[in-house]
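# Coordinate analysis (summary)
What follows is the residue order along each chain.
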Amino acid sequence: MLWTLFFAFLKIGAFTFGGGYAMISLLEHECVEKRKWITSEELMELTVIAESTPGPIAINCATYTGYKRAGFWGALAATCGVILPSFVILYAISLFFENLLGIPVIVHAFRGIRCAVALLILQVGVRMIVSHRKNRPEDRFAPALMALFFLLALGANLAGVSISTVYLILAGGAVGFCLYYLLPRRKRRADP
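Here we summarise the structure given alongside this text.

## A closer look at unusual backbone geometry
Notably, Lys-36 is not glycine yet its phi reads approximately 55°, a positive angle. On the secondary structure map, Lys-36 appears in the loop between helix H2 (20–34) and helix H3 (40–52). We classify Lys-36 as exposed; its relative accessible area is 60%.

## Remarks on the nonpolar core
Ranked by size, the top nonpolar core spans 21 residues in total, and within it Phe-9, Leu-27, Cys-31, Trp-37, Ile-38, Leu-43 and Cys-61 carry the most contacts. Elements represented by at least two residues in this core include exactly helix H1 (2–14), H2, H3 and helix H4 (57–100). Here this core gets six residues from one element, more than from any other, and that element is H4. With sequence-adjacent residues up to four places away left out, Phe-9 is seen in contact with Leu-27, Cys-31, Trp-37, Cys-61, Ala-62, Thr-65, Ala-78, Gly-81 and Val-82.

## Quick notes on helix H6 (residues 142–158)
Given a rise of 1.5 Å per residue, 17 residues ought to cover 24 Å, and the 24 Å separating the end C-alpha atoms of H6 matches this to within 8%. For H6, the complete set of buried residues consists of Ala-142, Leu-145, Phe-149 and Ala-156. End-on view of H6: buried residues confined to an arc of 75°, all on one side of the axis. Exposed and facing more than 90 degrees away from the buried side of H6 are Ala-144, Leu-151 and Leu-158.

Parameters and conventions
Residues numbered from 1 in each chain as written. Predicted model: local features only at pLDDT ≥ 70, side-chain atom pairs only at ≥ 80, totals over all residues. Heavy atoms only, no water. Helix = DSSP H or I, 4+ residues; strand = E, 2+ residues; numbered from the N terminus. Buried < 20%, exposed > 50% of the residue type's maximum accessible area, 1.4 Å probe, protein only. Core = buried A, V, L, I, M, F, W, Y, C linked by side-chain atoms within 4.5 Å. Contact = heavy atoms within 4.5 Å. Expected span 1.5 Å × (residues − 1). Arc of directions from axis to C-beta.

Next comes the structure, spelled out in structure tokens:
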């Protein structure tokens, strides 16, 4: 199991460009669909927790999944697997960085990779919305909240205003607390 965890997360770390959000699609394929190590609900909640805590999403997911499957050593194997490709690639790039930026083929390849990464992130967002509606049909506010925060972030970026994701997370938590805890509680008190 330790080697399986290590190599599964090594593959995820080696073939994902664009950071944590771009990795979510591969994490879902490898950990949820193919190996059934975690559920899509766990992945979605893990993404929320990983975004709210220090550390990259992929490392947090690897650590959680590894721990769930094989305890401490599973967490260590999965985390090392996901970190190793990035470390090796960044180390190699740092040795030749100045020379790489002068090669037109590499510059153009990175432009294409940026477009693909944007599409991967958008795909993850759509999957999260669909998964949320499928797993929690009673949650009627979630798609509207997701759309609201997406439009808020998009509008701010298009207007050239920088909004920290920390503020969006805090605002989402506050709205969620009001909608899913305070309102039902208030309604229960009002009903005789």
